[in-house]
Amino acid sequence: QVRLVESGGGSVQAGGSLKLSCTVSLDTISKYCVAWFRQAPGKEREGLAHTNQQGLLVVVDSMKDRFTISKDIAKNTVYLQMNNLKPEDSAMYYCAAPRKGEYCYLAMPASFNYWGQGTRVTVSS
């Protein structure tokens, strides 16, 4: 069973940047679609970006101007670079994966089988 561990969260001022990491263990990310989500208190979990087994890198339209997803297969790690952060970006950020070989459906968080513990991002104004 694959395991995901996020890191890189923290507290920044508005306009700052953070780079989150999702390290996958017990299997190789080349076999999985890996996605980034976030969840703020009182809000639903929101899909942000994903990378699939074919190397496709997708960021949702609303975040494309500020967020970038990338991956390093040698390190078995997927990254989320976040620039020009805003207070409304404050949330817990999670990486997740469906079963091996399955697609990522960002609109359906329940379709993801494996989740990390999350890393907190706080953006102050």
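Note that this is a predicted model, so its numbers are computed, not measured. (Residues numbered from 1 in each chain as written. Predicted model: local features only at pLDDT ≥ 70, side-chain atom pairs only at ≥ 80, totals over all residues. Heavy atoms only, no water.)

Quick notes on the sheet that holds strand E1 (residues 3-7)
Here is step 1 of the chain: Pairing is antiparallel across the open sheet formed by four strands, whose spatial order is E1-E3-E8-E7. The sheet is open, and its two edges are formed by E1 and strand E7 (67-72), each paired on a single side. On average, each strand axis in the sheet is tilted by 20° relative to the strand beside it, whichever way the strands run.
Here is step 2 of the chain: Bridge count between E1 and strand E3 (residues 18-25): five bridges; the pairing is antiparallel. Bridged to arginine 3 within E3 is serine 25. (Pairing = 2+ DSSP bridges. Helix = DSSP H or I, 4+ residues; strand = E, 2+ residues; numbered from the N terminus. Axes fitted to C-alpha atoms, helices over the stretch in contact; angles between N-to-C directions.)

Here's the deal with the nonpolar core
Here is step 1 of the chain: Ranked by internal contacts, the top residues of the largest apolar core, which has 29 residues, are Leu4, Trp36, Phe67, Leu80, Met82 and Tyr93.
Here is step 2 of the chain: For this core, the elements supplying multiple residues, two or more each, are E3, strand E4 (34-39), strand E5 (46-51), E7, strand E8 (77-82), strand E9 (91-97) and strand E11 (119-124).
Here is step 3 of the chain: Once you skip the residues sitting within four places of it in the chain, leucine 80 turns out to touch Leu18, Lys19, Leu20, Trp36, Leu48, Ala49, Phe67, Thr68 and Tyr93. (Core = buried A, V, L, I, M, F, W, Y, C linked by side-chain atoms within 4.5 Å. Buried < 20%, exposed > 50% of the residue type's maximum accessible area, 1.4 Å probe, protein only. Contact = heavy atoms within 4.5 Å.)

Remarks on the pattern of salt bridges
Here is step 1 of the chain: Within this structure, the stated rule accounts for six salt bridges.
Here is step 2 of the chain: Across the salt bridge formed by glutamate 46 and arginine 38, the nearest N and O atoms sit 2.9 Å from each other.
Here is step 3 of the chain: Look at glutamate 46 and you get partly exposed, because its relative accessible area is 30%.
Here is step 4 of the chain: Aspartate 89 is the partner of arginine 38 in a salt bridge, and the nearest nitrogen-oxygen pair spans 2.8 Å. Of this pair, arginine 38 sits in strand E4 while aspartate 89 sits in the loop between E8 and E9; the two residues are 51 residues apart in sequence, bridging distant segments of the chain.
Here is step 5 of the chain: Note on aspartate 89: relative accessible area 1%, which makes it buried.
Here is step 6 of the chain: Among the ionic contacts, a cluster of salt bridges with common partners joins Arg38, Glu46, Arg66 and Asp89. (Salt bridge = Lys/Arg side-chain N within 4 Å of Asp/Glu carboxyl O.)

A few points about the state of the cysteines
Here is step 1 of the chain: For the coordinates displayed, the defined rule picks out two disulfides.
Here is step 2 of the chain: Here cysteine 22 engages in a disulfide with cysteine 95; their sulfurs sit 2.1 Å apart. In this structure, the disulfide formed by cysteine 22 and cysteine 95 twists by about 75° around the S-S bond and is classed as right-handed. Residue cysteine 22 is located in strand E3, and its partner cysteine 95 is located in strand E9; the two are separated by 73 residues in the primary sequence.
Here is step 3 of the chain: A relative accessible area of 0% means that cysteine 22 is categorised as buried.
Here is step 4 of the chain: Each sulfur of the disulfide joining cysteine 33 and cysteine 104 lies 2.0 Å from the other. Measuring handedness by torsion sign, the sulfur bridge of cysteine 33 and cysteine 104 sits at about -130° and is left-handed. (Disulfide = S-S within 2.5 Å.)

Points about the side chain of serine 21
Here is step 1 of the chain: By the secondary structure assignment, serine 21 is in strand E3.
Here is step 2 of the chain: Take serine 21: its relative accessible area is 16%, and that puts it in the buried class.
Here is step 3 of the chain: Setting aside residues no more than four positions away along its own chain, serine 21 makes contact with Val5, Glu6, Ser7, Trp36, Thr77, Val78 and Tyr79.

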